[in-house]
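Here's the letter readout for the chains.
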Amino acid sequence: MRHDVVRRWISTIVVWLCGLSVVVALVPLAFILFFVVSQGIQALNWEFFTALPAPVGELGGGFANAIVGTLVLVGIGAAFAVPVGIISGVYIAEFPSTRLATMARFAADTLNGVPSIVVGVFVYGIAVMPFKQFSAMAGGLALGIMMIPIVTRTTEELLKLVPPALREGALALGATRGRATLTVVLPAAAPGIITGVVLALARIAGETAPLLFTAFNNRFLSTDPRQPMASLTVQVYNYAISPYEDWHRQAWAGALVLVALVLFCSLLARFATRRLERLQTGH
Amino acid sequence: MKVSFTPGRRRALVALAAAIVAAPAFLVAQGQINGAGATFPAPIYSKWFSEYGKLKSVAINYQPLGSGAGIRQLTNQTVFFGATDGPMTTDQMQAAPGKILHLPTVLGAVVPIYEVPGVTAELKFTGPLIADIFMGKVTKWNDPAIVKLNAGVKLPDLDITVVHRSDGSGTSYIFADYLAKVSPEWAKTVGVSTAVKWPVGLGGKGSEGVTGLVKQTPGSIGYVELVYALQTKIAFGSVQNAAGEFVKASIPSVTAAAAAAVKAMPKDFRVSITNAPGPGVYPMASFTWLLLYENPKDKAQSKVMVDFMKWALTDGQKFATGLGYAPLPAEIVKLELAALATVKVS
Amino acid sequence: MLRRLRGRDLGFKLGTGFFAALLVAIVLGIGFELWRQSMLSIEKFGFGFWVGEIWDPVSGEFGARPFIWGTLYSSVLALVLAAPIALGIAIFLSELCPARLRMPLTFLTELLAAIPSIVYGLWGIFVLVPVVRSFEQSLPASLRALPLFSGPPVGVGMLSAVLILAIMVVPFASSVAREVLKAVPGSQREAAYALGATRWEAIRAALFYARTGIIGSLILGFGRALGETMAVTMVIGNNPQIKASLFAPGYSMAAVLANEFAEAADDLYLSALIEIGLVLFAITLMVNMASRLLIWQMNKPVRAPRAARLPVGAATAGGAA
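Residues numbered from 1 in each chain as written. Chains lettered and ligands numbered in written order. Predicted model: local features only at pLDDT ≥ 70, side-chain atom pairs only at ≥ 80, totals over all residues.

1. Things to note about the overall build of chain A
(1) Moving on: When helices and strands are tallied, chain A shows 11 helices and 0 strands.
(2) Moving on: When its helices and strands are written in sequence order, chain A yields α-α-α-α-α-α-α-α-α-α-α.
(3) Moving on: Along the three orthogonal principal directions, the C-alpha set of chain A runs to about 70 × 70 × 35 Å.
(4) Moving on: Burial statistics for chain A: of 283 residues in total, 54% are counted as buried.
(5) Moving on: Contacts in chain A between residues at least 24 apart in sequence constitute 74% of all its contacts with a sequence separation of at least 6. (Helix = DSSP H or I, 4+ residues; strand = E, 2+ residues; numbered from the N terminus. Buried ≥ 20, exposed ≤ 12 C-beta atoms within 10 Å, placed from the backbone. Contact = placed C-beta atoms within 7 Å.)

2. Here we look at the overall build of chain C
(1) Moving on: For chain C, the helix and strand inventory stands at 14 helices and 2 strands.
(2) Moving on: Taking the principal axes of the C-alpha coordinates as reference, chain C spans close to 75 × 65 × 40 Å.
(3) Moving on: The buried share of chain C, taken over its 321 residues, is 51%.
(4) Moving on: Counted over contacts in chain C with a minimum sequence separation of 6, partners at least 24 positions apart contribute 74%.

3. Quick word on the interface of chain C and chain A
(1) Moving on: Each partner contributes residues to the interface: chain C has 68 residues there, and chain A has 73 residues.
(2) Moving on: Looking at the side of chain C that touches chain A, the element that brings in the most residues is helix H1 (residues 8-37) of chain C, giving 19 residues.

4. Points about the sheet that holds strand S5 (residues 124-125) of chain B
Where strands meet in a sheet, backbone hydrogen bonds hold them as pairs that are either parallel or antiparallel.
All names here are of chain B.
(1) Moving on: Taken in spatial order, the 3 strands of this open sheet run S5-S9-S10, and their pairing is mixed. Looking at the sheet topology across the chains shown, the edges are occupied by S5 and strand S10 (246-247).
(2) Moving on: Note that strand S9 (residues 238-240) and S10 share 2 bridges and pair antiparallel. Looking at the pairing, Val239 lines up with Val247 of S10. (Pairing = 2+ DSSP bridges.)

5. Side note on the packing of helix H5 (residues 116-128) of chain A against helix H6 (residues 136-161) of chain A
Residue and element names in this part refer to chain A.
(1) Moving on: It is the contact of H5 with H6, at a shortest axis distance of 9 Å, that shows an interaxial angle of 135°. As judged from the angle between their axes, H5 and H6 are oblique. Viewed along their axes, H5 and H6 form a crossing whose handedness is right-handed. Taken together, the residues of H6 that come into contact with H5 (itself represented by Ser116, Val119, Gly120, Val123, Ala127 and Val128) are Met137, Ala138, Leu141, Ala142, Ile145 and Met146.
(2) Moving on: Class assignment for the residues of the contact of H5 with H6 results in 10 nonpolar, 2 polar and no charged. (Axes fitted to C-alpha atoms, helices over the stretch in contact; angles between N-to-C directions. Parallel < 35°, antiparallel > 145°, perpendicular 65-115°, else oblique. Left-handed = near helix turned anticlockwise from the far one by under 90°. Nonpolar A, V, L, I, M, F, W, Y, C, P; charged D, E, K, R; others polar.)

6. Focus: the domain arrangement of chain A
All names here are of chain A.
(1) Moving on: Split into domains, chain A comes out as domain 1 (2-43) and domain 2 (49-281).
(2) Moving on: Between domain 1 and domain 2, the C-alpha centre-to-centre distance is 32 Å.
(3) Moving on: The interface of domain 1 with domain 2 comprises 7 residues on the first partner and 7 residues on the second.
(4) Moving on: When grouped by side-chain class, the residues that make up the side of domain 1 that touches domain 2 number 4 nonpolar, 3 polar and no charged. (Domains from an automatic or database assignment.)

7. A closer look at the interface of chain A and chain B
(1) Moving on: Between chain A and chain B, the contact holds 23 residues from the first and 28 residues from the second.
(2) Moving on: Its residues assigned to classes, the side of chain A that touches chain B comprises 12 nonpolar, 8 polar and 3 charged.

8. Section: helix H10 (residues 199-209) of chain C
(1) Moving on: Taken residue by residue, H10 of chain C has Trp200, Ala202, Ile203, Ala206, Leu207 and Tyr209 of chain C as its buried positions.
(2) Moving on: Looking at the buried residues of H10 of chain C, the elements they touch are helix H1 (3-43) of chain A together with helix H4 (65-96), helix H8 (158-182), helix H9 (186-194) and helix H11 (211-227) of chain C.

9. Section: the confidence of the model for chain C
All names here are of chain C.
(1) Moving on: On average, residues of chain C carry a pLDDT of 84, and 90% of them reach 70 or more.
(2) Moving on: The least confident element of chain C, judged by mean pLDDT, is helix H7 (residues 141-144) at 81; the most confident is H4 at 92.
(3) Moving on: Scored below 50 in pLDDT, residues 304-321 shows 10 contacts in the model against residues more than four places distant or in partner chains. (pLDDT = per-residue confidence, 0-100.)

10. Quick word on the sheet that holds strand S7 (residues 202-204) of chain B
All names here are of chain B.
(1) Moving on: One open sheet holds the 8 strands; their spatial order is S2-S1-S3-S11-S4-S8-S6-S7, and the pairing between them is mixed. Here the strands that pair on one side only, and so sit at the sheet edges, are strand S2 (60-64) and S7. Taking the axes of each pair of neighbouring strands and ignoring which way they run, one obtains an average angle of 25° across the sheet.
(2) Moving on: As defined by bridge partners, strand S1 (residues 33-37) adjoins S2 across 5 bridges and the pair is classed as parallel. From the neighbouring strand, Ile33 faces S2, where its bridge partner is Ile60.
(3) Moving on: Together, S2, strand S3 (81-84) and strand S4 (100-115) form the strand contacts of helix H2 (residues 42-56), whose direction differs from that of S2 by roughly 170°.
(4) Moving on: Its contacts with the sheet put helix H3 (residues 67-76) on S1, S3, S4 and strand S11 (285-293), and the angle it makes with S3 is roughly 150°.

11. Some remarks on helix H13 (residues 253-260) of chain C
(1) Moving on: For H13 of chain C, the buried fraction is high: 8 of the 8 residues fall into the buried class.
(2) Moving on: Residues Met253, Ala254, Ala255, Val256, Leu257, Ala258, Asn259 and Glu260 of chain C constitute the buried set of H13 of chain C.

12. Let's talk about the nonpolar core
A general trend in soluble globular proteins is that nonpolar side chains are found buried together.
(1) Moving on: In this structure, Val119, Val169 and Val235 of chain C are the most contacted members of the largest nonpolar core, which totals 302 residues.
(2) Moving on: Element by element, the count of residues in this core is highest for H8 of chain C, at 18 residues.
(3) Moving on: Looking at which domains feed residues into this core, each of domain 1 (2-43) and domain 2 (49-281) of chain A gives three or more. (Core = buried A, V, L, I, M, F, W, Y, C linked by C-beta atoms within 7 Å.)

13. Some details on the packing of helix H6 (residues 117-138) of chain C against H8 of chain C
All names here are of chain C.
(1) Moving on: Running from N to C, H6 and H8 cross one another at 135°; their axes reach a closest spacing of 10 Å. The angle between H6 and H8 falls in the class oblique. With respect to the hand of their crossing, H6 and H8 are arranged in right-handed fashion. Residues Ser117, Tyr120, Gly124, Leu128, Val129 and Val132 of H6 lie in contact with H8, whose contacting residues are Leu159, Ser160, Leu163, Ile164 and Met168.
(2) Moving on: Among the residues making up the contact of H6 with H8, the classes are represented as 8 nonpolar, 3 polar and no charged.

Set out below in structure tokens:
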């Protein structure tokens with residue numbers, strides 16, 4: 001065969017292989033979504049959302065404490081991570097040539113790669129042991145630590161995307177750097193930052209390992225940050241490794257709630273980004 | 001559409017947020033008490049705490065993390081009470097910041113569960129055989145040692161998959177304690193503790209994890225508290241006791257195991273009743289203990305727990321048999337109520 | 001040109017700088033805490049901790065080799081499995097995909113990354129493990145004799161862990177690889193096409209240009225696999241042994257931490273576990289550093305060789321290789 005015909009064949013084969021790899025990657029996704037939806041929907045009822053867990057081995061019961069718990073824990077984590085993340089992102093974007101900025105950027109990347117179980121071990125040492133108490137505060141802190149690098153990076157990148165003309169305009173009008181950033185640049189980047197925060201929230205809502213020895217677990221519905229707290233992820237874990245069929249069904253339902261949450265946040269972020277692009281570029 | 005955050009709107013939002021955060025605080029059970037420990041008694045404890053909670057409007061949050069975790073967290077004082085089926089060692093008790101009382105709550109049994117395809121009959125085991133299986137010396141279900149004990153049962157040529165606990169467990173303690181008594185090799189190479197170095201097998205988290213693994217893995221064998229086998233309808237075998245009989249775990253056989261201990265109960269209630277002598281005795285029976293500090297800092301919580309224990313030792317015992325546990329003998333209850341009086345509640 | 005900030009500008013810099021410093025402090029704090037709490041174990045076992053094979057809480061003998069093995073073995077195999085797929089996706093989405101499909105397909109691969117690991121674990125126990133078990137059981141005896149496939153076909157074990165990790169690594173590595181490929185200047189591809197390249201050959205040119213970045217993205221995926229806890233601990237079998245067989249149950253550093261941390265009953269045990277956490281922290285730190293360095297290297301403009309930097313009007317703006 002002529003050399004160039006062979007080359008064209010190889011090219012076509014490779015193109016198809018790349019397409020195939022996309023399919024191969026999407027097959028597990030389809031599988032997982034299929035099982036989560038088909039198994040989870042069976043146990044998704046009013047009792048699931050409103051009842052507390054039944055005693056071990058008895059039928060019935062629900063995930064009310066776990067759902068509220070996840071919301072509270074994510075809230076505490078966000079309360080800690082959002083200010084720290086945004087403000088440190090502002091610093092890195094505004095003063096990028098300082099040594100602190102380089103260190104902070106490196107720290108954010110490092111923190112992003114720290115395994116979640118290690119964060120849990122760390123928070124146990126500083127927030128559980130000294131107070132001799134498992135608490136939602138500790139769990140929220142662990143989640144917050146995991147959330148910070150995402151928020152920092154998002155803030156930094158989005159601030160850099162804001163047209164310099166905006167900042168220069170504010171400075172030209174006599175604003176201090178702080179004022180310029182806070183009242184002009186940051187609001188311009190706000191929609192993107194909020195999108196990033198929403199995605200980060202979805203990510204930490206799905207974390208299990210850092211909660212195992214910080215928030216512990218709680219049979220009861222609690223919003224007290226000083227007490228242990230149940231969470232969707234830990235409850236799904238406990239039910240999944242149990243031998244009870246009823247608990248397995250509830251675990252799938254819990255997984256469905258988690259996946260729905262993640263899906264919702266991702267879609268929200270997608271639409272927000274597209275809207276943002278359209279606003280900025282005018283089409 | 002741009003929403004303008006006028007001062008009025010801002011204040012309203014803050015008030016709303018505050019209300020949302022504050023309101024559920026009223027739903028919080030007053031003075032929640034946290035405990036952790038064994039999975040062995042978890043079914044009856046969760047039943048008890050649920051029933052008692054309804055009676056007295058208290059919230060006792062018990063997490064079955066395993067006896068090892070219960071002991072550890074109690075020592076660290078991150079929980080108020082612990083629960084274990086392997087009594088604390090002297091070293092562990094010395095490491096604790098205060099004196100800890102072991103209070104027996106019920107009697108239970110550790111049973112050998114298995115999942116062998118095609119076998120519906122109840123299998124018979126001896127102690128040494130179980131030790132050999134868990135040491136990896138007997139590896140197939142149709143091994144002559146098993147076949148000899150179970151004539152008439154068609155055992156397949158299938159590998160035995162051993163399942164044990166991956167976490168520190170009192171159930172493991174009871175199991176290892178029994179095996180050490182009947183198998184000198186086990187005593188020498190593996191030993192007795194809540195977390196031994198298992199020669200072979202898969203690790204499941206909690207009794208639930210072990211039961212789950214065994215149920216899903218054909219050819220597997222594990223050990224769990226009786227109640228888990230009953231609740232999940234998984235097959236469990238009979239074990240040969242010190243008198244040579246093959247006994248299946250049941251309320252009478254477990255109660256018989258405690259009979260000898262009743263006469264010679266040590267003052268701190270830490271006693272092993274595995275491989276107890278006598279007819280009709282189930283060899284892998286054990287007490288399970290609730291651990292309380294004698295002089296804890298939070299006296300209010302102490303009072304709640306002492307009152308709970310008094311209820312559990314008397315009215316609570318009626319729930320035991322329904323869940324596959326044997327109630328405590330009356331003599332032991334009397335001794336315990338006396339011991340409870342030493343716990344400081346004010 | 002440095003300009004001394006004054007007044008409120010200084011306040012702004014200090015105010016925001018405080019939070020940036022807080023971020024650095026957190027990372028340093030994690031490293032320091034882990035180090036401090038593992039001192040007991042480090043002093044007792046020293047270097048032997050990393051090579052010791054026995055993990056025996058009863059006798060107080062702790063060796064982390066089975067966990068290091070389990071973590072590395074599962075992650076390396078997962079990477080080997082995931083790398084071609086991740087690359088294929090990255091190439092497809094950045095070069096070959098029809099514009100209309102690009103958005104939904106990107107969204108779907110990102111969704112794969114966003115699924116919580118506990119859901120992967122749940123799916124792993126109930127769906128993947130039985131499938132792997134039947135696969136293991138159906139393997140012909142000739143293959144079963146090989147050390148790679150020896151041992152009872154339980155389903156739970158290294159193979160399931162590798163598969164789950166591979167699925168989790170793919171979207172991660174592919175999204176970074178896609179970013180890297182997007183950063184390749186169009187001139188590279190255009191030059192290739194101008195020389196008569198087929199699609200694949202043009203892609204190959206871009207891949208070659210971006211090779212450090214691509215490797216960086218794969219290493220980043222590797223780092224993700226190293227730290228994965230829940231999905232692994234639910235399917236790996238939790239047995240600290242070192243076996244080459246894919247069927248054998250194993251244990252990973254993250255899994256042993258999750259299982260045994262809450263109950264480490266004595267100080268030495270706890271310290272040994274935290275030392276494992278320290279090892280895990282150090283390994284992921286190094287892996288992430290390496291990958292960032294590689295990706296960052298890619299973004300640096302390539303310098304023209306000396307001979308080409310002639311001041312004769314023909315300015316090549318940093319693109320000539």
